[in-house]
Amino acid sequence: MESKHYRLLTLKNAELSGPLAAVIPSEMIPHNLPARVLMALSRLAPSEINLLGLRAGYAPSGEFHSEATGILARGLGKKVAENVTRAINNKGRPLLTRDGQSIYTLFQPPVPSAPIAKVLASRLSLERTGHPLPATHTMQVTTACQCDCVHCSASRHRDGKKAILSTEECKGFIRQSVAMGVVIVIFTGGEPLLRKDLCELIASVDPDDAITMIFSNGQLLDKEHVGALKRAGLFSLMVSLDSPDALEHDDLRGLSGCWKNAVEGISRSLEAGLLCGISTYTTPQRLREGKVVEMIELGRQLGVHEITIFDTVPTGRLLQEDAGALLSEEDKAALCALERQYNAREGYPHIITQAHVNGPSGAGCYAAWFQLYSTAYGDVTPCDFTPLSFGNIREEPLVDIWNRMTAHPAYCQHMDHCRMQDQRFRREWIDRIPAAGPFPYPIEVLSELPEVDEDSLREAVLVGGGGTRNTSSIGIRA
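Please read all numbers here as calculations on a predicted model, not as lab measurements.

A.B. asks: How should unusual backbone geometry be read in this particular structure?
C.D. replies: Most peptide bonds adopt trans geometry, and most residues besides glycine take a negative phi value. The omega torsion across Val111 and Pro112 is -5 degrees, close enough to zero to call that bond cis. For Pro112, the position within the fold is in the loop between β6 (101–103) and α3 (114–129). The backbone of Asp99 sits at a positive phi, close to 55 degrees, despite the residue not being glycine. Examined against the element boundaries, Asp99 turns out to sit in the loop between β5 (96–98) and β6. Positioned with a positive phi, Ala368 is a non-glycine residue whose angle comes to about 55 degrees. When you line up the elements, Ala368 lands in the loop between α12 (354–357) and β14 (371–374). Taking the relative accessible area as the measure of exposure, Ala368 reaches 1% and is therefore buried.

Put into structure tokens, the structure is as follows:
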């Protein structure tokens, strides 16, 4: 078996370092006399002492195997290695394998890698402490965009009176989130490629700590931008397509030629060797009309690696959309069935449905559990669809905001389905947000507001408006 060795937790000068340093709580490290002696010796050692490493790889049979190395190999290390091995072997076949690593989805680091071990260690920490650590940081880096989408999930965050985070502020923000356990930094907008320092931000993320992804509308994926993204070390790219039909997509995006440019950008990205997928969504009507299957077929024709199909989520410009537009449980079951059906077929992109991933059969709601979202101005929310601010990175450390968010009554218990599709959650935490904002709305102020009756809510004027275009599309990135 060809394997690689990853040093995950090291000791030098009595200080812990490595990918697991942030996600292994101090109570999981032995504090007996030998450990104290080791700490003292670490001040004298010329190099780092390996406390915990992982030797991992694939056997000729295709089975993944890992074993722990280092001083903590028999205790903590054995548990981490067992978790990694079991999780990877349960994933099924990978999308592709390159450089001795397998990629199972564009949303997770390759296997084996230090970030994957970091994910499993954070889950082990959760088992021991009951406190979740973020794995995904979705980071809005600009509010600027060429499109005027009727369903824009970020339009309410736009504030011309505020300055967006600077390059150094963004880098510091990324460092804080990665230090807390984040293994995927997702850059979004607006259109992230409109930010001139995007490649600098991507390159600032150490691939031994985390991978990077962008959600793009595809309008700027020319040869120059694609080449720059590859050189910067971008791990994966998701391009938003609202419809397999060009005219419908352009209408929803408010930009003529948008579909054509996006499709050409996808092809260019794939030719350059980037991992590239399609981000789309469905409504009950689109599901019945077969639009989901048409999009999967389009993805196959284009040769994309993955297609992510989001649920309808009333958010952004359509925050107060009627709940009747939501997918039913039957609709979600049908989507999950399509996911299983096409993932069993050769020659098709990998399919991910929010109905599965964020439902009872998957991981449930990611918000303030595996994920955090931040606006271009530094406000921190539980996810990119939730307009509730728990603090601003310009005012306090991210760890303090995260701890407050995960301890809040709305998030202190894990939920097995998307909160923003839960009518009880929306009545308590979303429907009371004033139509005039601000967005995202400060959670501490919201707690002091009176409840709003449903008639008044329906008559409220939506900020940003949806115009006269088709409003059947709800809640999708980029």
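Next comes the rest of the description.
A.B. asks: Honestly, the pattern of salt bridges in this entry has me stumped. Any pointers?
C.D. replies: A side chain with one charge can pair with a side chain of the opposite charge if their charged atoms come near. Enumeration according to the criterion identifies 13 salt bridges in this entry. Close ionic contact of Arg268 with Glu264 constitutes a salt bridge, the shortest N to O distance being 3.9 Å. One end of the pair, Arg268, and the other, Glu264, are both in helix α8 (residues 258–271), four residues apart, so they sit about a helical turn from each other. For Arg268, a relative accessible area of 30% gives the class partly exposed. Given the relative accessible area of 32%, Glu264 is considered partly exposed. Lys332 is the salt-bridge partner of Asp311, the closest N and O atoms lying 3.9 Å from each other. Residue Asp311 is located in the loop between β12 (306–310) and α11 (329–343), and its partner Lys332 is located in helix α11; the two are separated by 21 residues in the primary sequence. The buried category is assigned to Asp311, whose relative accessible area is 2%.

What counts as what
Residues numbered from 1 in each chain as written. Predicted model: local features only at pLDDT ≥ 70, side-chain atom pairs only at ≥ 80, totals over all residues. Heavy atoms only, no water. Helix = DSSP H or I, 4+ residues; strand = E, 2+ residues; numbered from the N terminus. Buried < 20%, exposed > 50% of the residue type's maximum accessible area, 1.4 Å probe, protein only. Salt bridge = Lys/Arg side-chain N within 4 Å of Asp/Glu carboxyl O.

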